[in-house]
Amino acid sequence: MDVMPKWAEVILVPLISLLLAALLSALVILAIGEDPIAAVTLMVKGALGSTYGWGYTLYYATNFIFTGLAVAVAFHARLFNIGGEGQAMLGGLGVAIAALYIPWPHWTLALIGCGVMAGLLGAIWAAIPGWLQAKRGSHVVITTIMFNFIAAALLNYVLVNVMRPPGSMDPASARFPEAVHLPTLHELLAPLGIAFSKSAPANVSLLVATAACIVVWLLIWRTRLGYEIRAYGHSQPAAKYAGISPVRITMVTMIISGALAGLMAINNVMGESERLVLNATEGAGFIGIAVALMGRSHPVGVFFAALLFGFLYQGGAELALWTSIPRELIVVIQALVILFTGALDNMVRMPLERLFLMFRRPGPLPIPLTASPNPAPAAPSRRARNEPLYPLRKRV
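Here the residue numbering is sequential within each chain, running from 1 through the sequence in written order. Only residues with pLDDT of at least 70 are given local features in this predicted model, and only at 80 or more are side-chain atom pairs given and counted; all residues enter the totals for whole chains, interfaces and linings. The side-chain quantities take in all heavy atoms of the structure and omit both hydrogens and water.

**Quick word on the overall build of the protein**
Link 1 in the chain: Here a helix means four or more residues in a row that DSSP labels H or I, a strand means two or more in a row labelled E, and each is numbered from the N terminus. Check the secondary structure of the protein and you find 16 helices and zero strands.
Link 2 in the chain: In terms of its C-alpha atoms, the protein occupies a principal-axis envelope of roughly 105 × 55 × 40 Å.
Link 3 in the chain: Exposure categories follow from relative accessible area, calculated using a 1.4 Å probe and restricted to protein chains: below 20% of the type maximum is buried, above 50% is exposed, and the middle band is partly exposed. Evaluated residue by residue, the protein yields a buried proportion of 45% over its 396 residues.
Link 4 in the chain: The contact criterion used is simple: two residues touch if any of their non-hydrogen atoms lie within 4.5 Å. Contacts in the protein between residues far apart in sequence, at least 24 positions, make up 76% of those at least 6 positions apart.
Link 5 in the chain: Looking at the protein as shown, the accessible area adds up to about 21,300 Å², and 68% of this sits on carbon and sulfur atoms. Method for areas: the Shrake-Rupley scheme with a 1.4 Å probe, in which residue coverage is limited to the protein chains shown.

**A few points about a nonpolar patch on the surface**
Link 1 in the chain: Grouping into patches uses exposed residues only, defined as over 30% relative accessible area, and leaves out salt-bridged ones; the cut-off is 9 Å for like charges and 5 Å for nonpolar side chains (Val, Leu, Ile, Met, Phe, Trp, Tyr). Any Lys or Arg side-chain nitrogen found within 4 Å of a carboxyl oxygen on Asp or Glu counts as a salt bridge. A cluster of nonpolar residues, L23, L24, L27 and L30, forms a patch on the protein surface that exposes about 360 Å² of accessible area.
Link 2 in the chain: With respect to the helices, strands and loops of the structure, L30 is situated in helix α1 (residues 6-31).

**Points about helix α4 (residues 84-101)**
Link 1 in the chain: Expected helix span is taken as 1.5 Å per residue step, with the number of steps being one fewer than the number of residues. Taking 1.5 Å per residue, 18 residues should reach 26 Å; α4 reaches 25 Å between its end C-alpha atoms and fits that length.
Link 2 in the chain: The buried fraction of α4 is high, at 15 of 18 residues.

**Some words on the environment of T281**
Link 1 in the chain: Within the element layout of this structure, T281 appears in the loop between α12 (265-273) and α13 (284-294).
Link 2 in the chain: Its relative accessible area of 4% is what places T281 among the buried residues.
Link 3 in the chain: Here the alpha-carbon distance between T281 and V269, two residues 12 residues apart in the chain, equals 8.7 Å.
Link 4 in the chain: Not counting residues within four places of it along the chain, the set of residues in contact with T281 comprises E85, A88, M89, M264 and N268.

**Description of empty space enclosed by the protein**
Link 1 in the chain: Cavities and pockets were defined on a 1 Å grid built from protein atoms only: a cavity is a group of points that admits a 1.4 Å probe but offers it no way out, a pocket is an open group of points flanked by protein on both sides within 12 Å along at least five of seven lines, and a lining residue is one with an atom within 4 Å of any such point. Grid points are joined across faces, edges and corners, and a volume is the space filled by probe spheres set on the points. Scanning all chains against the criterion turns up one cavity of 30 Å³ or more.
Link 2 in the chain: By volume, the largest cavity amounts to about 50 Å³.
Link 3 in the chain: Taken together, A88, M89, G92, L155, N268, V269, L276, V277, N279, A280 and T281 make up the lining of the largest cavity.
Link 4 in the chain: Looking at the lining of the largest cavity, the elements with two or more residues in it are α4 and α12.
Link 5 in the chain: For the lining of the largest cavity, the leading source of residues is α4, giving three residues.
Link 6 in the chain: Residue type decides the class: Asp, Glu, Lys and Arg count as charged, Ala, Val, Leu, Ile, Met, Phe, Trp, Tyr, Cys and Pro as nonpolar, and the leftover types, Gly among them, as polar. Class assignment for the residues of the lining of the largest cavity results in seven nonpolar, four polar and no charged.

Everything listed is a geometric property; what it means functionally is a separate question.
Structure (structure tokens):
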């Protein structure tokens, strides 16, 4: 029986962890001689005080939703997919191939085609570590980290030697055709009479990310495959005894996780830069780990955790622009959030469990079903009857 109610597990524990991270961040800001209240005010105004700030916040949050969902799906099968960064890089390569070499008549068809190609390359890149884990016993953490570096080297080679336009010194692909440019939130909201910044990079892929949250929720909690993934994550021997194939679950989970990470490219490559560049992921694959931890591997939690980290990214950019606080301080704040929501989760959870246990009303003692008002007396033991405990057998 759970000690804490569900609302405390989902809301109270992450909230207290965030408050502790914010308190330590304020102390760090004080230590470098800045005003923490003024810093927070500037972050809020820069990230949420205008449609321009909201556009960048939602743009970053879209990236983190995809990578957070990728890590969350793997978490349900007790797989630690740290390769979201490399899978997103390969997803960007898939977007560039589909956008440059296939003529698309409209952005809607281009979005579907580029999304399929991005998800396919991301899934392939994640399937290799999944196969190594399932068949060879190579730990998925080690292999996915290695594949991040391989993906970066592969992308560098392709951009410099294959996709770079003639005469260009920039290691990037050519600009995508006009037909594949995704509409921004300004263009989507203008027919509804809602004013939104034209310069903000948030685009229609935000709706795709929201739909991905719904699809992942249906997959994990409303399908047989999702039940098998969760059963395998809770107890691998029990799942294997029930007939669930460990190889199949490992492979399918990693393929789904890699496809979600690869889908991030429709936002940053297709929607924002409109070409493939080096370091287009900007560390979003690693931020997805923190998003999944803070969101408790639930799509709703991932959505709101992604919004928080999008706020931190955009607010941190404003701090670096208008104050003397270095940009690296935002990395410190993110690290503190990861520390308290992940590594030090039990530091918050255990005192709360003791507190809830203290105020819980004791219930009635359970009555045994075999209880009788007049129980029969127990038979006397051998020792009580003065008999030897181990009687000797008589020889025949």
